[in-house]
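# Residue-level structure breakdown
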Amino acid sequence: MKIALLGHGTIGLGVDHILKRTGGPEVTKILSLIVDDEMAGRTASSIDDIVSDPEIGLVAEVMGGVHPAYEFISKALSAGKHVVTANKAVAAAYFAELTALAEANGVSFRYTSAAGGSIPWLMNLARAKRVNPVLALSGIVNGTCNYILTRMEEDGVPFGEALSDAQRLGFAERDPAADIDGADTLRKLVLSLNVAYDTALREETLPCAGIRNITPEDLAFGRALGLKVRMLMKGGRNEDGSVYGFAEPVFLPADSPEGCVRENMNLVSYVGTESGLQRFSGYGAGRYPTAYNLVEDILDAVSGTAVPYTGHIAPVAVRNDLLMRRYYVRTSALPEVPAHIIESTDGTAAVTRPVSPADMHRLAKLLLEKDPLLFFAGMEEGEEKC
Ligand code: HSE
């Protein structure tokens, strides 16, 4: 089976190199906006040039973005080609549509490298949930945020400089707003919840906040209490059968497993009814780590040994109002925070009494209209040490 690549940038080039180095399936066509020397003799003129080629059995989409990635993937699946992608934006936005299209055409749609970079997280989640209902899942899934936080904490580097370094190193998205405002973490959460619960949640239905406004003073608040900030996805099953899910920065013990994660590493975990806690760690971004995981998907699709990610997709209720946690809120609009939810304050920032993520994210949205520089983060305690 021959392969076509859609995109020949950071990840695409990595996939091309790894397939060549390991003698994997041959890449015979590449569609890319920017044509480079390594594409010589393999440049496709259009997506139709690829989908009409009977030799090509699999299309690897690594161009990023939602459009035209969605249209290209749809064409490939409709033409009976397997599709693998590292593109969380399109996989999360069109999860139900692409999953159904793959099924209707008897091919696989795989996106393991879209959440966790190099980590076979979604693959293991898909296997785990067959015998081991998932009670909760969480983790650090954005390498850019983790890199920025590490550089700020350890080297006192300003936010903007750390972000520029993350862009230069190839971790950050083309538009890094998706990283620093939490959307990238949220999309990986959507994929994780959809796989864990055989559903098709949409990212618009889940609350999300990022680290864009974090300051050295916020980090100092945590340091004084032995806490570090990490950008986390959090999800799971509520007791009433509904699902919760949100993405936000969190203060947690510096010596906790998440607190010990540095630079562009990721750490993801789930708790299963039978397995208990399972943790997975590895590089969450970067050319070869991400390309490695995508190549694993290619090999699984080609050999036909793949575990389906989802069974019958069914709607599930989302409730983020049942879980309660304390929050740190730093804002010039502190007088607007209802007094009855404040546990303590120094006049600049406050720690709340336990409130639900739904209420906190709603309040933060209102306060951000008054103070666009507001920063808030969940607060977690934990016994486990790294
Ligand atoms: N921008 C993403 C990150 C790339 O920093 O994690 C990997 O999905």
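None of the values given here were measured: they were computed from a predicted structure.

Before going further, it helps to examine the domain arrangement of the chain. For the chain, the assigned domains read domain 1 (2-110) and domain 2 (128-284 + 316-379). A separation of 32 Å is found between the C-alpha centroids of domain 1 and domain 2. With 10 residues of domain 1 in contact, the opposing surface of domain 2 contributes 14 residues. Counting the surface domain 1 buries against domain 2, the share from its top three residues, K88, A92 and F95, is 64%. Our enumeration of links across domain 1 and domain 2 arrives at two salt bridges. Where domain 1 meets domain 2, there are two residue pairs in polar contact (both at pLDDT 80 or more). Top contributing element to the side of domain 1 that touches domain 2 by residue count: helix α4 (residues 88-93), with five residues. A breakdown of the residues in the side of domain 1 that touches domain 2 according to their chemical character gives seven nonpolar, one polar and two charged.

Neighbouring the ligand are 13 residues; K88, T144, F171, E173 and D179 lie closest to it. Coverage of the ligand by the protein chains reaches 93% of its 250 Å² of free accessible surface. Put simply, the parts of the chain that give the shell around the ligand at least two residues each are α7 (143-155) and α10 (183-197). Within the shell around the ligand, the residues separate by chemical class into four nonpolar, four polar and five charged.

In this section: the sheet that holds strand β1 (residues 2-6). The sheet built from five strands is open, its strands ordered β2-β1-β3-β4-β5 with parallel pairing. On the outer flanks of this sheet lie β2 (27-31) and β5 (109-110), each paired with one strand and no other. Judged from the five bridges that link them, β1 and strand β3 (residues 56-61) form a sheet pairing that is parallel. The residue bridging K2 from the neighbouring strand is I56, located in β3.

Looking at the secondary structure, you find D48 in helix α2 (residues 47-51). For D48, a relative accessible area of 40% corresponds to the partly exposed category. When the C-alpha atoms of D48 and K75 are compared, they prove to be 8.2 Å apart, with 27 residues separating the residues in sequence.

Our next topic: the state of the cysteines. Across all of its chains, the model carries one disulfide by this definition. Each sulfur of the disulfide joining C260 and C386 lies 1.8 Å from the other. Disulfide C260-C386: the torsion about the S-S bond is -50°, which places it as left-handed. Remark: C386 occurs in the segment after β14 (375-379) and C260 occurs in the loop between β8 (243-253) and β9 (265-272); sequence separation between them is 126 residues. For the unlinked cysteine C145, the closest cysteine sulfur is that of C208, found at 9.6 Å. With relative accessibility at 0%, the residue C145 sits in the buried group.

How each quantity is defined
Sequence order as written defines residue numbering, which begins from 1 separately in each chain. Local features are withheld for residues below a pLDDT of 70 in this predicted model, meaning they are given only at 70 or higher, and side-chain atom pairs are given and counted only at 80 or more; totals for whole chains, interfaces and linings count all residues. To get the side-chain values, take all heavy atoms of the structure and skip hydrogens and water. Residue ranges for the domains originate in an automatic or database domain assignment. Two residues qualify as a contact provided that any one of their heavy atoms is within 4.5 Å of a heavy atom in the partner residue. Two parts lose some accessible area (1.4 Å probe) when they are put together, and adding that loss for both gives the buried area. Throughout this description, the term salt bridge denotes a Lys or Arg side-chain nitrogen within 4 Å of a carboxyl oxygen of Asp or Glu. Between N or O atoms, a polar contact is any pair within 3.5 Å; within protein, one atom must be a potential hydrogen donor and the other a potential acceptor, and residues adjacent in sequence are included only when both atoms are from side chains. Working definition: helices are DSSP H or I runs of at least four residues, strands are E runs of at least two. Numbering for both runs from the N terminus. Polar here means any residue outside two lists: the nonpolar Ala, Val, Leu, Ile, Met, Phe, Trp, Tyr, Cys and Pro, and the charged Asp, Glu, Lys and Arg; Gly therefore counts as polar. It suffices for a single heavy atom of a residue to lie within 4 Å of a molecule or strand for the residue to be listed as near it. To be clear on the numbers: accessible area is Shrake-Rupley with a 1.4 Å probe, and residue cover counts the displayed protein chains and nothing else. Being paired, for any two strands, means DSSP has found at least two bridges between them. A simple rule labels every residue: compare its accessible area, found with a 1.4 Å probe on the protein chains alone, to the largest value its type can have, and call it buried under 20%, exposed over 50%, or partly exposed in between. Only a pair of cysteine sulfur atoms within 2.5 Å counts as a disulfide in this structure description.

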